[in-house]
Amino acid sequence: MNNKGKLYLIPTPLSEADMHLVLPEAVFRAVSEIDCYVVEELRTARRFLSAAGRRGQIENLELHELNEHTEAAEVEALGTLFEGGRNVGLISEAGLPAVADPGAALVALCHRKGIQVVPLVGPSSLMLALMASGLNGQSFAFRGYLPAKTPERKKALCELEKLSAKTAQSQIFIETPYRNDAMLQDILQCCNGQTKLCIATNISAEDEKILTKTVAQWKQNVPQIGKRPTVFILSA
């Protein structure tokens, strides 16, 4: 008999907008019932849990941190949290847990140990950007973060443009916010003028902006993205 609990993947808002507008009731119900969480960042998780209905109860909750600095042995030790039928919630910094997120390591552990994983519905910046881009939503690939150094990044962009031209596949990628403008400059320098580029910034926030133009059109009026969370989609 499996006497282990379940892992609930708990989505969080992408912005400061009212979370009841972007999260379904099932998420709030799960938050009200789970008392043990694995989180990417403690302060952010406490703020989310408080706003999601656990205000005044945070000190009674058990929170464990899992981020890019967590060692493999530490991830493995988290498997003991599910003993005795205890359910655990996984919370990312923003959006969906385990997608471009270190929480994927815990999900993989649960599959190895036969622990049921329950994904809950919530906002995905990647899918929302693709939905609103007007680009190919039937064939697409998420490339995560491209190389940080300019020469390698430019090479990667050229390869993605060639792949998109060959396959008609939308290429989705993200960047560390403080490098957004450098990424845009490299795209404008490397890519063909007729290649389409969607820039999706601050998705679900009041100042959300999602625009698709050709590279040539972007060059006519280059935006300053700054450190706002952004998704880029390239389509040649």
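See above for the structure.
So, here's what we can say about the structure. All values reported here derive from a predicted model rather than from experimental measurement.

1. Quick notes on the packing of aromatic side chains
Summed over all chains, the structure comprises one aromatic pair. With a centroid separation of 5.7 Å and 15 degrees between ring planes, the pair formed by F173 and F232 is classed as stacked. Highlighted residues: F173 in strand β7 (residues 170-174) and F232 in strand β10 (residues 230-235), separated in sequence by 59 residues. Residue class for F232 comes out buried when judged on its relative accessible area of 0%. Over the ring of W218 we find K213; its NZ or CZ atom is 4.7 Å from the centre of that ring.

2. Details of helix α1 (residues 25-33)
Note on helix geometry: an α-helix contains 3.6 residues per turn, so any two residues three or four positions apart are oriented the same way. Residues of α1 that are buried: V27, F28, A30 and V31. End-on view of α1: buried residues confined to an arc of 160 degrees, all on one side of the axis. In α1, the exposed positions that point more than 90 degrees away from the buried face belong to E25 and E33. On its buried face, α1 sits against β1 (7-10), β2 (36-39) and α2 (42-54).

3. So, the side chain of D101
Among the structural elements, D101 can be located in the loop between β4 (88-91) and α4 (104-113). With no salt bridge to any partner, buried D101 finds its closest opposite charge in R47, at an N-O distance of 14 Å. Of the polar contacts made by the side chain of D101, one reaches the backbone nitrogen of G103; its length is 3.0 Å. Residues in contact with D101, not counting those within four places in the same chain, are E40 and S92.

4. Digging into the pattern of salt bridges
Applying the stated criterion across every chain yields a total of seven salt bridges. Note that E62 is salt-bridged to R86, the shortest N-O span being 2.8 Å. Taken together, the positions of E62 in strand β3 (residues 62-65) and R86 in the loop between α3 (72-77) and β4 put the pair 24 residues apart, joining distant regions of the chain. Note on E62: relative accessible area 28%, which makes it partly exposed. For R86, a relative accessible area of 26% gives the class partly exposed. With its nearest N and O atoms 3.7 Å apart, the salt bridge here joins E76 to K113. Taken together, the residues E76 in helix α3 and K113 in helix α4 connect sequence positions 37 residues apart. Residues joined in a network through salt bridges with shared partners are R153, E175, R179 and D186.

Reading guide: rules and limits
Starting afresh in each chain, residues are numbered from 1 along the sequence in its written order. For this predicted model, a pLDDT threshold of at least 70 governs which residues receive local features, and a threshold of 80 or more governs which side-chain atom pairs are given and counted, while totals over whole chains, interfaces and linings are taken from all residues. Values shown for side chains rest on all heavy atoms present in the structure; no hydrogens or waters enter the calculation. The pairing test for Phe, Tyr and Trp rings, Trp by its six-membered ring, is centres within 6.5 Å, and the orientation test on the planes gives stacked under 30 degrees, edge-to-face over 60, and tilted for anything in between. Each helix corresponds to a stretch of at least 4 residues labelled H or I by DSSP, and each strand to a stretch of at least 2 residues labelled E; elements are numbered beginning at the N terminus. Partly exposed describes any residue whose relative accessible area lies between the buried limit of under 20% and the exposed limit of over 50%, with all areas from a 1.4 Å probe on protein chains only and scaled to the type maximum. Put simply, a charge is over a ring when the Lys NZ or the Arg CZ is close to the ring centre, within 6 Å, and near the line of the ring normal, within 35 degrees. Of all possible arcs, the one meant is that of the directions from the helix axis to the C-beta atoms. The criterion used for residue contact is that any of the two residues' heavy atoms lie within 4.5 Å. In this charge count, Lys and Arg are treated as positive and Asp and Glu as negative; neither His nor the chain ends contribute. The salt bridge criterion pairs a side-chain nitrogen of Lys or Arg with a carboxyl oxygen of Asp or Glu, the two atoms within 4 Å. A 3.5 Å cut-off defines polar contacts: any pair of N or O atoms within that distance qualifies, except that in protein one atom must be a possible hydrogen donor and the other a possible acceptor, and neighbouring residues in sequence count only when both atoms are side-chain atoms.

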